[in-house]
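What the coordinates show
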Amino acid sequence: MFWRPRVGDEVDEELTFHLEMRTREYIARGMDPQLARRTAERRFGDLGRMRTILHSLGTRRNRQMERMQYFGELMQDLAFTIRQLRKNPGFAAVAVLTLALGIGGTTAIFSAVYAVVLQALPLRDPSRLMLVGEIYQGAPHVMSVGNYVDTNVAIPDFDHGLSALNYANFNLADESTPERVVGARVTANYFDVMGVQPILGRTFTTDEDQPGNDRVVVLSHRLWVRRFGATSQVVGRTVRMNGVPYHLLGVMPESFDLTTDSEELWTPIAFTPQQRATHDEHYLTVYGRLKPGVTRRQVQSQLDAVAMRLRRDFPKDDETISFGTVPFVEQFIGDYRQRLLTLLAAVGVVLLIACSNVANLLLARGAVRAREIALRTALGAGQWRIVRQLLTESLVLAMSAAVAGLIIARALVTAVVAWSPSEVPRLEQARIDPVAFGFAIVIALASSVLCGLAPALRLSRRRDLQNGLRDGGRGSTGGQRDRLRAALIVAEVALSLLLLVGAGLLIRSAIALQQTATGFEPRGVLSARITLPVTVYNEPAQVSETLRQIHDAAVAIPGVSAAAITSFAAMGSGGGSNGLVPEGREPNAANQIPSTLRVITPDFFTTMGVPIVKGRNFNDGDRRDGPRVMIVSARLAALAFPGQDPIGKRINCCEPGPQALKTIVGIAGDIRSRGPALPPGPEFYLPLAQVPDVVWNWFRTLYIVARTPGDPSALIKPLSAAVMNVDRDLPLFDVRTMEQRLSGSLATARFNTVLLSLLGGIGLLLAASGIYGVIAYYVSQRTQEIGVRMALGATRGSVVRLILSQAMRPVAIGAMLGILAATAASRVLASQLFQVSSTDPLTIAAVVATLLGVALVASAVPARRAATVDPTRALQSE
Amino acid sequence: MANPSPELLHGTLDALVLKTLAGGRRHGYAIARAIEETTAEVVAVEEGSLYPALYRMEKKGWIEAEWGLSELGRRAKFYRLTPKGRRHLAAQTAEWSRFAAAISRVLLTT
């Protein structure tokens, strides 16, 4: 070290000395002392300025030299560390791999979180874009056309007004094979509200958004590439959709394909005057862009005013209406934010366990190096210098781990994307990009401090160092150091218990879900959808004739034991909901029972394996000209007619006039239509043969379900051939077995369960190896003491007991802390659990037992080794 | 301030200081005196240039400083040539003799 005075003193002293010497020189030449002094000073010019210049030069010089020194020491430390690690390749490999596992896992999940949650949406100023909707079950949902139109004119605080969207399916049939495309009918201002511009051509105008002018279409980038070869000549072309020509106006940018399954084309919604006046029938998705400076709250009070007026003007349809807003981003990401953050937290816990394992390794190594460190201190290295040297080692380990971790993360991201449920928005965009790279480096830095600092501070302590010199590198056996090791065990056990409880709860939920009866028999059933476009099938008689032909063709397929047509099968999309009012009650909102409707052919129940628990099934006698009949689910029967026999009772629904009253002829078993996690809701069935003409448009997209004793996927080919035989322009779409639909509805839950279990397993493994390492070290340090004990008559059993009790104390404390942490943290899982409490004692007990068992095994191995110590040899080695 | 001595060519002061230090460590005043004496007072070293030059060269790592006792027993800051400074001096010397030879060839040829 240099002895360096403050720059100011240095400059002053040096200049004073110079002046004195000069003055002396002039006096020696015979000058008068005063003149000599003045002359010497004059040679400097402005002395004050000189001081300032030298001061700044000196400061810069000092800084430069400090940097040089620091850098030099860093290079020394690096070279030394690399030499050390090459001497201990086993230690280096274990430490790097442990950390790489943590860093890689964390980086992979982070890149998923980044892609899904953090990444900005490619829309102009997405934070101002809101979903505006009628409040349904506490949250804004869709709107009716009438309510949309009235709200739109009444509220001035949205840029470009409110836009409305209605998803619609289109049969795209030109030169190539017919294809089913999900599109949307939107108002002309939709693209302005979303804040996107077409890359080719234009979007439609308000004039084109009128009935009769609306045969125009805008393509998504995806459809343009897939179906039109991405040529710029498409604009102005004519496309046949649903059997009629559409004029192609433009193409939207690739960034507007927000997800892989978002809509692929847009046509004008072109409300008719009747639609504009309809306040019932809620199906519009409405978006609005807040004007700059306008808050959600301001808009809310305007929406409240509109709702109040609508309640007054349309008491029948809008009796209980209210509106609300939700930021588009929130609605877009949905509950995946929370699921992914849970995973990120879990993988962060694995990283923490990895860090404490490496901290343990560093401590053990430090004990071996105590003599070398003591020597360096004796030779003049300060504590900070030693700490820096030790931290350099953990830094080198962490940076190597970051490199290995990034390789692991790449593989993990690919696996996660390939294997995750497809409905997670934007997950397919997850990749190891510069952001993920930066994240990996930052957490590597953090973990190098996390795992390196405590050991470095401990090892560099002067008191310990003196011991280090004295007992010649055998390492000190002071309780202090063991306490740090015990603390690490406590942390590892607590953290892995936290993970395992989370995983355990999800596994129990998954088992419960698997065992839940869905109310139908999915095995052996194939389901597929078709749409009869209004442009070709506009006569009700033509529709029913075509459906009859398709049904007959499906039944005739060899191997099919039963087949049916239904407006909705189970799981996935489709199905309408109606508010049912039992006969004799006031037709107001309070008396409505919102129920799921299926319009079916009679063989639906045999095909799906749903029992008729009372009364009768539909039959050929239930025709258009006969009395209206209905089958209700057991749940609806209980809600509508508690304590009474519902057969023969009547319910008002679905159409105006005298036909609205339908007589209940049977009760069907309950179905968990929206997935096993949700309880069965009230449902009702109407015969397809009695669908009134006015509502046919609601049932243009239908399911065909077919049961076979064999493999249902073998039916795919014959079924689509059978449908093509009836109309070669009708594509089958969404073709899946019912078992696939069922498992698809559980995909997200399964994904989290498997991932969390995997992380819990890794945590357990790391914790076990950490416990093993500490106990093995403990035993090796106490070989002599054990020898003495055995020489004094201790039995092997008592030695094993001693070691185990030493090992299990921190494990027990860790387990206790872990239980506390788990009961507090598992609350975040509550929404993902099914029939399991988030503090389920059975799960916690099982996890604690597993952990204790693993800890016992991990410490039993070194304990047995201790018991085989030969007392004479142990004592001789002293 | 008028300077009676010939102008020092750019960078020459550095070389002169380094050369002076090649003989061993010296404090600032001693460096100035040594140059003046060696050049028989033809070159008067200005303090206003000398000290900034010393600080700059210290930063460049050509010289390093330490505190010691002067010949009269006063505390003084001594400068010493570093290996890097020695290399720089050698390069400067070579450069200078090439330059001087070239100038001489022009000016002294009759």
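Everything numeric here is computed off the predicted structure, so don't read it as measured data.

**Remarks on the overall build of chain A**
The number of helices and strands found in chain A is 25 helices and 23 strands. For chain A, the spread of C-alpha atoms along the principal axes amounts to about 130 × 90 × 55 Å. Within chain A, buried positions represent 42% of all 878 residues. Counting only contacts in chain A whose residues sit at least 6 apart along the sequence, the fraction spanning at least 24 positions is 82%.

**What about helix α1 (residues 7–28) of chain A?**
In a regular helix each residue adds 1.5 Å, so 22 residues correspond to 32 Å; α1(A) covers 32 Å between its end C-alpha atoms and thus fits that length. As for α1(A), its buried residues are in contact with α2 (33–43) and α3 (47–87) of chain A together with α2 (28–38), α3 (47–60) and β3 (75–81) of chain B. Positive phi shows up at Gly30(A), right after α1(A), with a value of about 105°.

**Details of the interface of chain B and chain A**
In this complex, chain B contributes 17 residues to the contact, which on the side of chain A involves 17 residues. For the side of chain B that touches chain A, the secondary structure elements donating two or more residues are α2, α3 and β3 of chain B. Broken down by element, the residue count for the side of chain B that touches chain A peaks at eight residues, all from α3(B). Classifying every residue of the side of chain B that touches chain A by side-chain character gives six nonpolar, three polar and eight charged.

**Regarding the pairing of strand β20 (residues 661–668) of chain A**
Residues and elements named next belong to chain A. Of all eight residues in β20, six are buried; the element is thus mostly enclosed. Here strand β17 (residues 612–615) pairs with β20 via three bridges, running antiparallel. Across the sheet, Lys-614 pairs through a bridge with Ile-667, a residue of β20. Inspection of the sheet shows strand β18 (residues 629–633) paired to β20 by five bridges, in the parallel sense.

**Structural notes on the nonpolar core**
Residue and element names in this part refer to chain A. Grouped together as the largest cluster of nonpolar side chains are 109 residues, with contacts concentrated most on Leu-99, Ala-112, Val-358, Val-493 and Leu-497. For this core, the element with the most residues is helix α11 (residues 336–378), which contributes 22 residues. Not counting chain neighbours up to four residues away, the residues in contact with Leu-497 comprise Ala-815, Gly-818, Ile-819, Ala-822, Val-847, Val-848 and Leu-851. Core analysis: the second largest hydrophobic core is formed by 65 residues, Leu-580, Val-581, Ala-706 and Leu-730 among them.

Rules of the game
- Here the residue numbers are simple positions, counted from 1 along each chain's written sequence.
- Chain A is the first chain written and ligand 1 is the first ligand written, with later ones labelled in order.
- Where local features are concerned, this predicted model is filtered to residues with pLDDT of at least 70; where side-chain atom pairs are given and counted, the filter is 80 or more; whole-chain, interface and lining totals use all residues.
- In DSSP terms, a helix is any run of H or I states spanning at least four residues, a strand is any run of E spanning at least two, and both are numbered starting from the N terminus.
- Around each residue's C-beta, the other C-beta atoms within 10 Å are counted; 20 or more make the residue buried, 12 or fewer make it exposed, and counts in between make it partly exposed. All C-beta atoms are placed from the backbone.
- Whether two residues are in contact is decided by their C-beta atoms, placed from the backbone, lying within 7 Å.
- Expected span, for any helix, means 1.5 Å times one less than how many residues it has.
- Classification convention: Asp, Glu, Lys, Arg as charged; Ala, Val, Leu, Ile, Met, Phe, Trp, Tyr, Cys, Pro as nonpolar; all other residues, Gly among them, as polar.
- Strand pairing follows a simple DSSP-based rule, namely that at least 2 bridges must link the two strands.
- In this description, a nonpolar core means buried residues of the types Ala, Val, Leu, Ile, Met, Phe, Trp, Tyr and Cys, linked to one another by C-beta atoms lying within 7 Å.

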